Amino acid sequence: MIVDSHTHIFPDKIAAKALSKLSSVIRLEPYTQGTIDSILESMEKSGVDISIILPIVTDPHQFDSILRFAVQINETCAERKGTRLVSLAGIHPASETYKEQLRIIKREGFAGIKLHPNYQGFLFDDIHYMRVIEEASALGLTIVTHTGDDPYTPDQVFCSPDMILHVLKEVSPTRLVLAHMGSNENYKESEEKLCGQNVYFDTAYSIMHMDEGWLVRMIHRHGADRVLFGTDSPWTSQKDCVEKLNSLSELSEKEKQQILHENAAFLFNL
């Protein structure tokens, strides 16, 4: 089984506009149309069995509409098992009702939440994130966050290894997933400071852009039981990423199975 732990889609009516806007800002061409149908087609071609959808709430007022879309995805998946999509929920750190929203997320059966400091405009160790992470952790939710560089904010890093260490010290989350191998485009510092910490990495985007030997070394140093396979679709090809992971001959079959699905099954209650 293959679980892609890091993907993005949009409601059909806004997908084209949203992808076009994002593509022009981050200067990347998408590999899908950012819709349910297009990611299912991509999954079919790549052999991905389940895609975890990570919605991003860029304004506190978006919570309800994005939650409805996420609920719709999960209900459709439950009714039609062939859909194979599982959505997390999104929450904005500036929400004044974050505790109530997190309780709603838990009650609706979501396995976790997605945070994106660059898009949400808060440093990762800001008190607004600390309180959300602490409350989400108390509820047993998995927390996935963007890390490191992002072309959306090229002049500022909103989630650095030092910020992550600060959060770990102050809040101690047990189910924290650091996207892009802990610090996108800054793998040296991620390896030095985050390998061995009580966090998970995902391979999203990084798997196609970092040195293969470095990737394998980080996996071995951190432990394959704490690494998730992810692509960042639509910004990378699911098929290319699956082939890349399977080509890493220095990883054992057991390690590949942990990365491809076992760790995700635990964190996302699959």
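Residues numbered from 1 in each chain as written. Predicted model: local features only at pLDDT ≥ 70, side-chain atom pairs only at ≥ 80, totals over all residues. Heavy atoms only, no water.

The name given to the protein in an unreviewed UniProt entry is Amidohydrolase family protein, and the organism recorded there is Candidatus Blautia faecigallinarum.

A. Summary view of the pattern of salt bridges. Scanning all chains against the criterion turns up 11 salt bridges. Taking the shortest distance from any N to any O, the salt bridge between R221 and E191 comes out at 3.8 Å. Pair noted here: R221 is in helix α9 (residues 212–222) and E191 is in helix α8 (residues 187–194), with a separation of 30 residues, a long-range link. Classification of E191 as buried rests on a relative accessible area of 7%. (Salt bridge = Lys/Arg side-chain N within 4 Å of Asp/Glu carboxyl O. Helix = DSSP H or I, 4+ residues; strand = E, 2+ residues; numbered from the N terminus. Buried < 20%, exposed > 50% of the residue type's maximum accessible area, 1.4 Å probe, protein only.)

B. Inspection of the sheet that holds strand β2 (residues 50–53) at higher detail. Sheet architecture is open: 3 strands sit in the order β1-β2-β3, paired in parallel fashion. Bordering the open sheet on either side are β1 (3–7) and β3 (85–87), each of which pairs with just one other strand. When the angles between neighbouring strand axes are averaged without regard to direction, this sheet yields 25°. As defined by bridge partners, β1 adjoins β2 across 3 bridges and the pair is classed as parallel. From the neighbouring strand, D4 faces β2, where its bridge partner is S51. (Pairing = 2+ DSSP bridges. Axes fitted to C-alpha atoms, helices over the stretch in contact; angles between N-to-C directions.)

C. Examining unusual backbone geometry more closely. Note the cis peptide between S233 and P234, where omega equals 15°. One can find P234 in the loop between β9 (227–228) and α10 (238–246). With a phi angle near 75°, D232 is a residue other than glycine that sits in the positive phi range. Structurally, the position occupied by D232 is in the loop between β9 and α10.

D. Inspection of helix α6 (residues 127–138) at higher detail. Given a rise of 1.5 Å per residue, 12 residues ought to cover 16 Å, and the 16 Å separating the end C-alpha atoms of α6 matches this to within 8%. Inspection of α6 places Y129, M130, V132, I133, E135 and A136 among the buried residues, and these make up the whole buried set. The inward-facing, buried residues of α6 contact α4 (98–107), β5 (112–115), α5 (117–120), β6 (142–145) and α7 (161–170). Of the residues one or two after α6, G140 is the one with positive phi, at around 80°. (Expected span 1.5 Å × (residues − 1). Contact = heavy atoms within 4.5 Å.)

E. Layout of the nonpolar core. Counting 62 residues, the largest nonpolar core has L102, I105, I113, F124 and F229 as the members making the most contacts within it. Setting aside its immediate chain neighbours within four residues, L102 contacts I91, I113, V132, E135, A136, L139 and L141. Counting 15 residues, the second-largest nonpolar core is a separate cluster that includes L54, C77, V144 and V177. (Core = buried A, V, L, I, M, F, W, Y, C linked by side-chain atoms within 4.5 Å.)

F. Local environment of the packing of aromatic side chains. Per the counting criterion, the structure on display carries 4 aromatic pairs. Summarising the aromatic geometry, the rings of Y119 and Y152 are spaced 4.4 Å apart at their centres and angled 50° between planes, so their arrangement reads as tilted. Pair noted here: Y119 is in helix α5 and Y152 is in the loop between β6 and α7, with a separation of 33 residues, a long-range link. Geometrically, the ring pair formed by F124 and Y129 is tilted, given 5.8 Å between the ring centres and 45° between the ring planes. Residue F124 is classed as buried on the basis of its relative accessible area of 0%. Each residue in the set F122, F124 and Y129 is aromatic and connected to the rest through ring pairs, giving one cluster. (Phe/Tyr/Trp six-rings, centres within 6.5 Å; stacked < 30°, edge-to-face > 60°.)

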